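A closer look at the structure
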Amino acid sequence: MPDLSVEIADVRLKNPVLPASGTYEPKIVPGGVFSPRALGAVINKTVTLAPQPGNPPPRIWETPCGMLNSIGIPSPGLEHFITNDLPLLRKLNTRLIVSIAGFSVKEFSELAERISEQDGVDLIELNLSCPNLRKHTAWSQDIVLLKTVISAVRKAVKLPLIAKLSPNVTDITETALTAQDAGADALSLVNTFRGLAIDIRARIPALGSISGGLSGPAIRPLALYAVYATFKKVGIPIIGMGGITCWQDAIEYFLAGATAIAVGMYNFVDPSCMGGIIQGIDEYLDTYGFSAVKDIIGLAHRD
Ligand SMILES: Cc1cc2nc3c(=O)[nH]c(=O)nc-3n(C[C@H](O)[C@H](O)[C@H](O)COP(=O)(O)O)c2cc1C
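Residues numbered from 1 in each chain as written. Predicted model: local features only at pLDDT ≥ 70, side-chain atom pairs only at ≥ 80, totals over all residues. Heavy atoms only, no water.

What to know about empty space enclosed by the protein
Counting across every chain of the model gives one cavity of 30 Å³ or more. Forming the walls of the largest cavity are L18, P19, A20, S21, I43, I97, E125, K164, S188, I239, M241 and A262. Elements supplying a minimum of two residues to the lining of the largest cavity: β3 (17–19) and β15 (238–241). Grouping the amino acids of the lining of the largest cavity by side-chain chemistry returns eight nonpolar, two polar and two charged. (1 Å grid on protein atoms, 1.4 Å probe; cavity = no way out; pocket = protein on both sides within 12 Å on 5 of 7 lines; lining within 4 Å. Points joined across faces, edges and corners; volume = space filled by probe spheres on them. Helix = DSSP H or I, 4+ residues; strand = E, 2+ residues; numbered from the N terminus. Nonpolar A, V, L, I, M, F, W, Y, C, P; charged D, E, K, R; others polar.)

Topic: the sheet that holds strand β6 (residues 66–69)
With antiparallel pairing, the four strands of this open sheet are ordered in space as β5-β6-β14-β11. Because the sheet does not close on itself, it has two edges, and the strands there are β5 (60–63) and β11 (193–196). Across the sheet, the mean angle separating the axes of adjacent strands is 40 degrees when strand polarity is ignored. Note that β6 and strand β14 (residues 211–215) share three bridges and pair antiparallel. From the neighbouring strand, M67 faces β14, where its bridge partner is S215. (Pairing = 2+ DSSP bridges. Axes fitted to C-alpha atoms, helices over the stretch in contact; angles between N-to-C directions.)

Quick look at the nonpolar core
Core analysis: the biggest nonpolar cluster contains 85 residues, and I100, I150, L187, I261 and I281 have the highest contact counts within it. A per-element tally of this core places helix α8 (residues 273–287) first, with seven residues. (Core = buried A, V, L, I, M, F, W, Y, C linked by side-chain atoms within 4.5 Å. Buried < 20%, exposed > 50% of the residue type's maximum accessible area, 1.4 Å probe, protein only.)

Let's talk about the environment of Q180
Here Q180 is to be found in helix α4 (residues 172–182). In the structure, Q180 is positioned 18 residues away from I162 in sequence and 9.6 Å away in space, judged by C-alpha atoms. In this view, Q180 contacts V234, G235 and I236; residues no more than four positions away in its chain are not counted. (Contact = heavy atoms within 4.5 Å.)

Some words on the side chain of S5
Take S5: it is sitting in the segment before β1 (6–8). Given a relative accessible area of 2%, S5 falls into the buried group. Here the side chain of S5 touches D3 through a polar contact of 2.8 Å, side chain to side chain. Residues in contact with S5, not counting those within four places in the same chain, are R12, L13, K14, N15, V293 and K294. (Polar contact = N/O pair within 3.5 Å; in protein donor to acceptor, adjacent residues only side chain to side chain.)

In structure tokens:
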């Protein structure tokens, strides 16, 4: 049996398959289809400090090989999350990543501090890349802001930090290096690409908040390139995501340099797909004589 375990910032995951934040709700996955306990880790929909409603509808629009969303982080607020959601997530008996987003450096630090006081949280993911909010949340599109916020959170907490970066930049490797130098222990690459659809009958933008974030198979080559280009530049692990639908897609990401992968949009198509992906990775390693998933990370690099 190949060893599927990987380490993200010294936290051992039993396998490298995770859900992407905001796309998978372990509490409501149809019973018996697939147990979230089988995942390397679970992660919540990004939580903000104060409750907020999210964006006006429509918030989802189908596109060729993908989807645009402008959900906009509807959030119950941190205290509600700690009291109601965290106990359920802890019961899943796998690693737990908590995704947070602040609207200021102070808010980010406060969120991280409160989360790190809770039992059973293994890693914090800083959502530095939501493209869908009016208030500034795409921290990783500005190198100075990015450095400031990660450095502040780094000082505030000891828990390992994953920086989730925006692909909506000229050179994501520059952003990734900044995040690493500021104290991030791992990277999530990537969040959604900003996009637009127009309803031609109404002659207005299709989404209530005009633009949205594109995800799904349409972005896979773009996201895969971001992982490939970043892998050689940084020394910290990368969680690769963008358009993964099956184990073959996941293997591409490992070969490009991802230590773990996350599935987003495709969970809406098939909520049990991550089980098949775990099995497929195992069989691929077995077929090609690799004893561990760690052995194929970055293997597609030729120099
Ligand atoms: C409906 C929807 C909601 C999302 N919500 C969040 C979120 O709350 N926090 C976050 O960091 N990313 C969020 N994302 C981005 C995903 O986690 C992921 O980075 C992106 O969709 C790319 O993966 P995919 O192509 O497999 O969907 C969301 C994506 C979708 C489609």
